[in-house]
Amino acid sequence: MPLMPAPLLLSEARRGGYAVGYFESWDSYSFEAALEAAEAESAPIIVGFGATMLDDAWLDHRGIDHLGAMGRTLIDGCRVPVAFLLNETHTLEQALAGVGAGFNFVMIDSQRWPKDDAMRASRKLVEAAHPAGVAVEAEFGSLPDFVDGRIVDDGAAMTDPAEAAEFVAETGVDALAVSVGNVHLLTAFTSEIDLDRLTAIRAAVDVPLVLHGGTGFPDDAVRAAIAAGVAKFNVGTRLKRNYLDAVVRRIGEWTGRESVHDLVGSHKPADFLEAGKAAFTDTVRGFLRLYGSAGRADDVLKVVAP
Ligand code: 13P
């Protein structure tokens, strides 16, 4: 029951004037942390794994099945509405594998592909995913990255409203991520958002809009972005940064005398990974409040079981 279609979560967000957060996990600790944050804030949430940062050989050799099975097990019994995303796969085949692995939302990272290739791949994905009850996101327009202290925008391009409309009509995707000044991996400062472009995209495109690059997105532009049609934000880098800082701090407290069995992977308070998990949960809770989705879980649950 708590596993719900992403389009339902996104349309309820649009109706309610808030956005749903997607918080990118990489293991069971970070995945549980996202779910626990959503339960603590009574928020609908999108959880999942991002393929971009993962090794292709690992993903293609049982990695996607492993992530899908683990995620579905942990979502089971969750009390808030959850959609389960395999984000930004390198290939169409990986996204198709996600459809069969338990994800109910998939996306190819085709933002830098030639437009026709990207459209063809997303259309094929939609054709396979929709009959299986799985929703599809695509990104049209491409984001710069923040790497080694500077913005790298090779090949980055802001989303053109008319082309975005064509992309959605040709592919049938359920949600469209757009490039309007948002930047991936940005930790040093915040991005500058072109709200007029966002509004023009919204006028041309009828599916919910998504903004990647939640880490560097300016807090004070969140409300305006939602008003301009954004129903989902993606957050990744900030979560890993805060997780790692907490783990490093905890490791620094190690005297060398404590039981390694308590410290490593025990899920007990002494487990150094639990320190990272707590930081992840706190960070997600802050974003859920920022996006206005905190306290909205029951509204979504009522739509399916009035
Ligand atoms: P950040 O890592 O910049 O928060 O972006 C995450 C993202 O967009 C994942 O799709």
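Computed from a prediction, not measured in an experiment: that's the story for all the values here.

### Looking at the side chain of Thr281
Within the secondary structure, Thr281 sits in helix H11 (residues 272-290). Classification of Thr281 as buried rests on a relative accessible area of 12%. When near neighbours in sequence (up to four residues on either side) are disregarded, Thr281 contacts Ala33, Glu36 and Ala37.

### Regarding helix H9 (residues 237-252)
Each α-helix turn comprises 3.6 residues. Residues three or four places apart therefore point the same way. Across its 16 residues, H9 extends 22 Å between first and last C-alpha, which sits within 8% of the 22 Å expected from 1.5 Å per residue. All buried positions along H9 are accounted for by Leu239, Tyr243, Ala246 and Val247. Along the long axis of H9, the arc covered by the buried residues comes to 100 degrees, so they all point the same way. Residues Val248, Arg249 and Gly252 are exposed on H9 and point more than 90 degrees away from its buried face.

### Considerations on the packing of helix H3 (residues 56-75) against helix H4 (residues 92-100)
One can describe the packing of H3 onto H4 by two numbers: an axis separation of 10 Å at closest approach and a directional angle of 20 degrees. Between H3 and H4, the angle is such that the two are roughly parallel. The two elements H3 and H4 cross, and the hand of that crossing is left-handed. Every residue of H4 that contacts H3 at Asp56, Leu59, Asp60 and Ile64 is listed here: Gln94, Ala97 and Gly98.

Parameters at a glance
Per chain, the residues get numbers from 1 upward, laid out in the order the sequence is written. It should be noted that, the model being predicted, local features are given only for residues of pLDDT at least 70 and side-chain atom pairs only at 80 or more, the latter also being counted only at that level, while totals for whole chains, interfaces and linings use all residues. The side-chain values count all of the structure's non-hydrogen atoms but skip hydrogen atoms and water molecules. Under the DSSP-based scheme used, a helix requires at least four consecutive residues in state H or I and a strand at least two consecutive residues in state E, with every element numbered from the N terminus. Relative accessibility decides the category of a residue: with a 1.4 Å probe and only protein chains considered, values under 20% of the type maximum give buried, values over 50% give exposed, and everything between is partly exposed. For this analysis, residues touch if any pair of their heavy atoms sits within 4.5 Å. By this rule, a helix spans an expected 1.5 Å times one less than how many residues it contains. Along the arc lie the directions from the helix axis toward the C-beta atoms. To obtain an axis, a line is fitted to C-alpha atoms, over the contacting stretch when the element is a helix, and the angle between two such axes runs from 0 to 180 degrees between their N-to-C directions. Angle categories are assigned with fixed cut-offs, so that under 35 degrees is roughly parallel, over 145 is roughly antiparallel, 65 to 115 is roughly perpendicular, and the rest are oblique. Each crossing is labelled by how the near helix is turned from the far one, with a counterclockwise turn of less than a right angle marking it left-handed and a clockwise turn marking it right-handed.

Nothing here speaks to function; it is all geometry.
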